[in-house]
Amino acid sequence: MQELESTAAFDAAHDTEFFAALPARAAVFAIEPRPDLGGAKPYLLKTANLRQRLTRLLGPPENNSKRLNLREFAGSVRYREVGSPFELIFLHWQHARRLWPSEYRDRLRMRPPPVLKVSLANAYPRCTVTRRIGASGFYYGPFASRRSAELFASGFLDLFKIRRCQIKIRRDPTYPGCIYSEMKMCLAPCFAGCTKDEYDAEVARVVAFLSSSGASLTAELERERETASESLDFERASAVHRRVEKTTEALRGLPELARQLEELNAVVLQRTAEENTVAVFPVRGGHIAEPHMLRFAELASEPRSVEHILREWLEPSSGAGPGASNYDHASSATGEPSLPQRHRELEDHLGLLARWFYSKPRAGEIFFRERTAGSGAAGPRDAGGTRRNSEWPYRRILRACSRLLAPPEQETGIKTE
């Protein structure tokens, strides 16, 4: 974790010099109490302008004002400058979790983003929207809001026949069923309308659809349409084509960030407070790792290329898959975090990632590790048995670094005055 490395002692008698020495830049800062205040905890805050914010907090109090004033509390200020909103919220979250381990979510008003869950531990799984991540189940997301997750789920579930009811399945032939079974939109396990193997096969198709972001079903339907056309069954080919169009329509509103959480591997690029420096935040399995700094002024004398350096950072080490994650020491007092702590941390990281990704305007850039079909011995297999390899778009990442470091007039095409 990056520490608040800059410290400034506060003396109310010389506050003008104190405020003038502060940078007018975005920062995470902690106002430390005076030594005579005993065990008081510091105030941890973030701001877009450190000098302006501390002038309001530590300046002379206004008469009859209810605004928070810490002039009599402050002994010193520790802070760290940041260069982007993403770095700001990530650093603030790290220090808040260390300072208030049991209540940081309430203080930061954090809420996990919605994801889709296929409850594989259930004998007859269904797909639901949740904000909690547990030990079992298939998770897909994150989405910008619960409404957007529900709209996507409603659209793509029409393409399959898994249940949507919340009842306990007893496979009772006398049970009347629900409206979905009457409309032939469910295999109806409630009244033994299908075997367990048939239902499991349909659930596997749903999981494959989400894992491939729709590619598995699209390929399946295209093959079926081609077979029907070759056998001159044009009526069936037309019906399958309509299903292809319905699949395309269901996928149209799918955000790029939404993926199977184990496959949510990306890099977030952000400008930093340092000159000619880009922060590279690896995201592995939805977990945000500590940033690597690309200091281009120093890299000019490096014998290795920037792409080679990025490969060393981003390629998984031996014995760790692409979804491997590292946890800082604050996760657990014993070093290795427990499973609930890991799930809670993943919820936090997904929340930070979603807050930044769905913000408008969005500062910085993100690039995903894309899966490509291959025949190598390593890598997981997809639903069709094909080996999946992953590749980072290194050239696009390097071009994005150039854009981030470009002057404002060069970056936007509009001259600044």
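Note that this is a predicted model, so its numbers are computed, not measured.

Draft legend 1. The arrangement of the packing of aromatic side chains in detail. Counted by the stated rule, this structure contains 18 aromatic pairs. Their ring planes at 75° and their centres at 5.1 Å tell us that Phe10 and Phe18 sit as a pair that is edge-to-face. Between the aromatic rings of Phe156 and Phe160, the centroid separation amounts to 6.2 Å while the plane-to-plane angle is 70°, which identifies the pairing as edge-to-face. Among the aromatic side chains, those forming a connected cluster through ring pairs are Phe86, Phe90, Trp93, Phe281, Trp356, Phe357 and Tyr358. Of note, Lys196 hangs over the ring of Tyr124, and the distance from its end group to the ring centre comes to 5.6 Å. The aromatic ring of Phe357 is capped on one face by Arg362, whose charged end is 4.3 Å from the ring centroid.

Draft legend 2. Molecular detail of the sheet that holds strand E4 (residues 74-81). Strand order in the open sheet formed by four strands is E1-E4-E2-E3, and the pairing between neighbours is antiparallel. Strand pairing shows two members of the sheet lacking a second neighbour, strand E1 (6-9) and strand E3 (43-47), which therefore form its edges. Sheet twist, expressed as the average angle between the axes of neighbouring strands with direction ignored, equals 25°. Along the sheet face, helix H2 (residues 50-58) touches strand E2 (27-33), E3 and E4 and points at about 25° away from the line of E2. Each of E2, E3 and E4 touches helix H3 (residues 85-99); the most contacted strand, E3, lies at about 175° to it.

Draft legend 3. Representation of the pairing of strand E9 (residues 266-271) in the model. By the criterion of burial, E9 is predominantly enclosed, with five of the six residues buried. Bridge analysis of E9 against strand E10 (residues 277-284) gives six bridges, and the strand direction is antiparallel. Each residue of the ladder has a partner; that of Val268, found in E10, is Phe281. The turn linking E9 back onto E10 is made up of five residues, and Asn276 within it adopts a positive phi angle of 55°. Pairing of E9 with strand E13 (residues 365-368), which is carried by four bridges, proceeds in the antiparallel orientation. The partner of Ala266 across the bridge, within E13, is Phe368.

Draft legend 4. Focus on a positive patch on the surface. Judged by side-chain charge, Lys161, Lys184, Arg243 and Lys246 come together as a positively charged surface patch. Tracing the chain through its elements places Lys246 in helix H9 (residues 234-252).

Draft legend 5. Focus on the sheet that holds strand E5 (residues 115-118). Pairing within the open sheet is antiparallel, and its four strands lie in the order E6-E5-E7-E8. Of all strands in the sheet, those bounded by a partner on one side alone are strand E6 (127-130) and strand E8 (259-260). As paired strands, E5 and strand E7 (residues 138-141) are joined by three bridges and run antiparallel to one another. Of the residues in E7, the one forming a bridge with Lys117 is Tyr139.

Draft legend 6. Summary view of the pattern of salt bridges. All told, the structure shown has 26 salt bridges when counted by the stated rule. Ionic pairing is found between Arg259 and Glu370, a salt bridge with its closest N-O pair at 3.4 Å. Placement of the pair is Arg259 in strand E8 and Glu370 in strand E14 (residues 370-374), with a sequence separation of 111 residues. Residue classification places Arg259 among the buried residues on the basis of a relative accessible area of 14%. Relative accessible area serves as the criterion here: at 36%, Glu370 is assigned to the partly exposed category. Its salt-bridge partner being Glu312, residue Arg304 comes within 2.5 Å of it at the nearest N-O pair. According to the relative accessible area criterion, Glu312 is partly exposed, its value standing at 44%.

Draft legend 7. Structural context of unusual backbone geometry. The peptide bond linking Gly141 to Pro142 adopts the cis configuration, its omega dihedral lying at 0°. Within the fold, Pro142 resides in the loop between E7 and helix H5 (146-157). At the junction of Lys360 and Pro361, the peptide bond is cis and its omega measures out at -5° in the coordinates. Locating Pro361 in the fold gives a position in the loop between helix H12 (339-357) and E13. Positive phi is not limited to glycine here, since Asn64 has a value of about 55°. On the secondary structure map, Asn64 appears in the loop between H2 and E4. When its relative accessible area of 84% is taken as the criterion, Asn64 is described as exposed. In this model, Ala192 sits at a positive phi of 60°, which is unusual for a non-glycine residue. By the element assignment, Ala192 lies in the loop between helix H6 (179-182) and helix H7 (196-211). On the basis of relative accessible area, Ala192 is assigned to the partly exposed category, the value being 34%.

Draft legend 8. A look at helix H8 (residues 215-230). For H8, built from 16 residues, the straight-helix expectation of 22 Å at 1.5 Å per residue is met to within 8% by its first-to-last C-alpha distance of 22 Å. For H8, the full list of buried residues reads Leu217, Leu221 and Ala228. Looking down the long axis of H8, one finds its buried residues gathered within 30° of arc, a one-sided arrangement. Away from the buried face of H8 by more than 90 degrees, exposed residues Arg223 and Glu230 are located. Buried positions along H8 lie against H7 and H9.

Draft legend 9. Expanded view of the environment of Glu72. Summarising the element assignment, Glu72 is placed in the loop between H2 and E4. Remark: the alpha-carbon pair of Glu72 and Arg34, spanning 38 residues in sequence, is separated by 8.4 Å.

Draft legend 10. Examining the side chain of His92 more closely. Its place among the elements puts His92 in helix H3. Not counting the four nearest positions on each side in its chain, His92 is found in contact with Val28, Leu44, Leu45, Lys46 and Leu108.

Definitions and cut-offs
Residues numbered from 1 in each chain as written. Predicted model: local features only at pLDDT ≥ 70, side-chain atom pairs only at ≥ 80, totals over all residues. Heavy atoms only, no water. Phe/Tyr/Trp six-rings, centres within 6.5 Å; stacked < 30°, edge-to-face > 60°. Lys NZ or Arg CZ within 6 Å of the ring centre and 35° of its normal. Pairing = 2+ DSSP bridges. Helix = DSSP H or I, 4+ residues; strand = E, 2+ residues; numbered from the N terminus. Axes fitted to C-alpha atoms, helices over the stretch in contact; angles between N-to-C directions. Contact = heavy atoms within 4.5 Å. Buried < 20%, exposed > 50% of the residue type's maximum accessible area, 1.4 Å probe, protein only. Patch = residues over 30% accessible without salt bridge, like charges linked within 9 Å, V, L, I, M, F, W, Y side chains within 5 Å. Areas by Shrake-Rupley, 256 points an atom, 1.4 Å probe, with all protein chains shown as cover. Salt bridge = Lys/Arg side-chain N within 4 Å of Asp/Glu carboxyl O. Lys, Arg positive; Asp, Glu negative; His and termini not counted. Charge placed at Lys NZ, Arg CZ, Asp CG, Glu CD. Expected span 1.5 Å × (residues − 1). Arc of directions from axis to C-beta.

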